[in-house]
Structures are given as C-alpha cells and as structure tokens.
Amino acid sequence: MRPADEALIVIDVQNDFCPGGALAVEGGDQIIPQINAMLPEFAVRVLTQDWHPVGHSSFASTHAGSAPFGTTELPYGTQVLWPDHCVQGTGGAAFHADLHTDLGDVVIRKGFRPEIDSYSAFFENDHETPTGLDGYLAERGVKKLTLVGLATDFCVYYSAVDAASLGYDVTVLQSACRAIDLDGSLATAREAMQAAGVRLEG
Ligand code: VGL
Ligand code: ZN
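The structure presented is a predicted model; accordingly, all values stated were derived computationally and were not measured.

Each value, and the rule that gives it
Residues numbered from 1 in each chain as written. Chains lettered and ligands numbered in written order. Predicted model: local features only at pLDDT ≥ 70, side-chain atom pairs only at ≥ 80, totals over all residues. Heavy atoms only, no water. 1 Å grid on protein atoms, 1.4 Å probe; cavity = no way out; pocket = protein on both sides within 12 Å on 5 of 7 lines; lining within 4 Å. Points joined across faces, edges and corners; volume = space filled by probe spheres on them. Nonpolar A, V, L, I, M, F, W, Y, C, P; charged D, E, K, R; others polar. Core = buried A, V, L, I, M, F, W, Y, C linked by side-chain atoms within 4.5 Å. Buried < 20%, exposed > 50% of the residue type's maximum accessible area, 1.4 Å probe, protein only. Helix = DSSP H or I, 4+ residues; strand = E, 2+ residues; numbered from the N terminus. Contact = heavy atoms within 4.5 Å. Near = heavy atom within 4 Å. Polar contact = N/O pair within 3.5 Å; in protein donor to acceptor, adjacent residues only side chain to side chain. Areas by Shrake-Rupley, 256 points an atom, 1.4 Å probe, with all protein chains shown as cover. Sits in = over half its atoms within 2 Å of the grid points.

K.L.:
Just give me the short version of empty space enclosed by the protein, but keep the residues and values in it.
P.N.:
For the structure shown, the criterion picks out one cavity of 30 Å³ or more. Its volume calculated, the largest cavity comes out at about 90 Å³. Each residue belonging to the lining of the largest cavity can be placed in one class, and the counts come to nine nonpolar, two polar and three charged.

What follows is the structure, given as structure tokens:
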C-alpha cells in the first residue's frame, strides 16, 4: 500500500478512446489490466471522464467547413478540432467495461461547458476555470500523484503539467498510458512534461 498522501489519477479510460471508439487511441484498452492492478495500492483514487455536450466547441462538426484534426481559434486560443466523442450519457462516454471503476473514490468530469474544452483534470483549456480536483486532493492531504490513462499527449500531458505547476510531485507511468500522436504531439508532450519537472517512468 502506498502512503496516504499519494493518489492515482486515471485519465479518461472511456470507450471512445479505446479501439472501436470515436477517437480511438491505438492500444488504449491494453493499459486496463495494469491500471486495475494499481488501483488497490493507492489510498486516494481519482477517475476522470471527458464529458461533452452535443455540439461542443471542440467538435469539428460544430464548425462549418472544418474537418477533424484541424484547428480553430477560440477566445482562449488555438483549439484542435476532434471527431464527436464522449458525448454525455452515451456509450462512448462510459468507462471501458473492464476498468474497475468501483475502486475509484471520485469521478471528475471535464469538458462539460459547451464553449471551453478541457484536456487537463485541473483546469479547462482557458487555463483558469478549475475542475475542483485541486481542492479535492488538498482536502485529502495528497502531495504526490501518479498519472495513467489516455491520451499521453493530450489529457495526461495537460494534467501532469498543471499538477506540477500546482506544486504536486508528479509521475507519469508511460506503460499505463497510450498516445494519439498527432503531428509529433507525443514528443512535444514528453519534452514539456520533463521541462515542467514531471517524472516520466516506465
Ligand atoms: C482527449 C482529445 C479530446 C484526451 C480528450 O482524453 O486525451 N483528447 N478530448
Ligand atoms: Zn474531449
């Protein structure tokens, strides 16, 4: 058992990010046995869930003439446009059936505001709207985080960098993550995480 001040943060292990899903990450489901084995070891266990309304601003389908994996300018900056994914209440937004969600203490949903995307488990993409996770972890006395899940180069990456800037000791366990790798985004994410003081393990 890990010390009481350590949390496991399981990022977006949802059907749409697994093979067959709307924004499938290659091998996304392969990490589930490892995550299931880790969950009981941690005193604090957080699951995150990407949770978008129909017509979300990060969906290419919302922007006339736009294709998935292009970009658009939103008030908070450049936003990658995605295929419709993780729509609230759909099967694609549900956790993968093999993930032991019963072992989770809390589920943090993000990306539910129509006008802002949220890659990070801590702040939405405007970098100022909080999800509430920092407050939850602070109240439970957590100082050290291990991040696993999907996708390494988007939601895991943004969560890790935000966590480091909030003062947590952060490890990303790469063997329990999988990447989208859009135009070299995995290499960029790795460099940025290391520069932010995130420990890349495995
Ligand atoms: C994610 C793209 C869009 C992720 C979520 O979980 O990494 N990526 N929404
Ligand atoms: Zn999303």
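K.L.:
So what about the nonpolar core? Which residues, and what values?
P.N.:
The biggest cluster of nonpolar side chains holds 55 residues, and the ones touching the most others in it are V10, I35, L137, L145 and V172. Among the elements of the structure, β1 (6-11), α1 (32-38), β2 (44-50), α2 (133-139), β6 (144-150), α3 (152-165), β7 (169-178) and α4 (185-195) are those that each provide at least two residues to this core. Broken down by element, the residue count for this core peaks at seven residues, all from α3. If sequence neighbours within four positions are ignored, L145 has contacts with A7, I9, F122, L137, A163, Y168, D169, V170 and T171.

K.L.:
Now, about the site of ligand 1: what can you tell me, with residues and values included?
P.N.:
Residues in contact with ligand 1, as listed here, are D12, F17, L23, D50, W82, H85, Y119, L150, A151, F154, C155 and I180. Within the backbone of A151, one N or O atom sits 3.0 Å away from an oxygen atom of ligand 1. A total of 260 Å² of accessible area belongs to ligand 1 in isolation, and the protein chains cover 100% of it. A molecule is said to occupy a pocket when more than half its atoms come within 2 Å of that pocket's grid points, and by this definition ligand 1 occupies the largest cavity. In terms of residue class, the shell around ligand 1 is built from nine nonpolar, one polar and two charged.

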